[in-house]
Amino acid sequence: MLAVDYVEVRLLNGDVFTLEGRLDEVESKLSDAARSGQSRLAWFTEHGTNSSVGVNPAHVALLKVSEISD
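Criteria and thresholds
Residues numbered from 1 in each chain as written. Predicted model: local features only at pLDDT ≥ 70, side-chain atom pairs only at ≥ 80, totals over all residues. Heavy atoms only, no water. Pairing = 2+ DSSP bridges. Helix = DSSP H or I, 4+ residues; strand = E, 2+ residues; numbered from the N terminus. Salt bridge = Lys/Arg side-chain N within 4 Å of Asp/Glu carboxyl O.

Trainee: So what exactly am I meant to see when it comes to the pairing of strand β2 (residues 16-20) here?
Mentor: Side-chain positions along a regular strand alternate between the two faces of the sheet. Pairing of strand β1 (residues 6-11) with β2, which is carried by 5 bridges, proceeds in the antiparallel orientation. Opposite Val7, over in β2, you have Leu19 as the bridge partner.

Trainee: What's the story with the pattern of salt bridges in this structure? I'm lost.
Mentor: Should their charged atoms come close, side chains of opposite charge can pair. Inspection of every chain in the model, using the stated rule, returns 5 salt bridges. Of the charged contacts, one joins Lys64 and Glu8 as a salt bridge, the two residues approaching to 3.9 Å between their closest N and O atoms. Of the two residues, Lys64 is situated in strand β5 (residues 60-65) and Glu8 in strand β1; the sequence distance between them amounts to 56 residues. Taken together, the salt bridges that share partners define one network made up of Glu8, Arg10 and Lys64.

Okay, here's the thing in structure tokens:
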């Protein structure tokens, strides 16, 4: 796994979020939420806003490393 600080999450509806965390961390949180039940959200901090974002793992279409220069 790549050790980077941001991951882009694209949802099935086309929304895109850039989240703080390494790819393996984000994937793990999404997997944990998916195993915990249908209405369970995985919570992250959105890059650039420091807002909390709850992501339904069933709605995730794509995860990729985000190329951001801080």
